[in-house]
Amino acid sequence: MAADDTDHARLSQPAASAQRAQRIVESRDLFRGESEILISHDGAIYRMKITRQGKLILNK
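Quick caveat, the model's predicted, so the values are computed rather than measured.

Chemist: Describe unusual backbone geometry, and please don't skip the residues or the numbers.
Modeler: Not every positive phi belongs to a glycine, and arginine 32 is a case in point at roughly 45°. Backbone geometry at aspartate 42 places phi at a positive 55°, although glycine is not the residue there. For aspartate 42, the location among the structural elements is in the loop between β1 (36-41) and β2 (44-50).

Shown next, in the form of structure tokens:
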């Protein structure tokens, strides 16, 4: 595991009472060069978009 990955894993853990680290997914892995993706969740389709300012917006 690279130092970067170790830092991310450490930062993703809530308080010391956490039983396991939360998973971090890089946005570049989700978007794969696109600026918009569709996400299916519980039977509904959501649209996630990267704005010109680099922010993420999620709409149903």
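Additional details are given in the paragraphs that follow.
Chemist: Please set out the environment of isoleucine 45 residue by residue, giving values where relevant.
Modeler: As for its placement among the helices and strands, isoleucine 45 is situated in strand β2. As a C-alpha pair, isoleucine 45 and lysine 60 span 15 residues in sequence and 6.4 Å in three-dimensional space. Here isoleucine 45 is in contact with Leu38, Ile39, Ser40 and Lys60, once residues within four sequence places are set aside.

Chemist: Account for the sheet that holds strand β3 (residues 56-59), with residues named and values stated.
Modeler: The strands that make up a sheet pair up through hydrogen bonds in the backbone, lying either parallel or antiparallel. Overall, antiparallel pairing links the 3 strands, which are arranged β1-β2-β3 in an open sheet. Unpaired on one side and paired on the other, β1 and β3 mark the two borders of the sheet. The average angle at which neighbouring strand axes cross in this sheet is 25°, direction not considered. One ladder, built from 4 bridges, connects β2 with β3; its direction is antiparallel. Residue pairing in the sheet places methionine 48 in a bridge with leucine 58 of β3.

Conventions we followed
Residues numbered from 1 in each chain as written. Predicted model: local features only at pLDDT ≥ 70, side-chain atom pairs only at ≥ 80, totals over all residues. Heavy atoms only, no water. Helix = DSSP H or I, 4+ residues; strand = E, 2+ residues; numbered from the N terminus. Contact = heavy atoms within 4.5 Å. Pairing = 2+ DSSP bridges. Axes fitted to C-alpha atoms, helices over the stretch in contact; angles between N-to-C directions.

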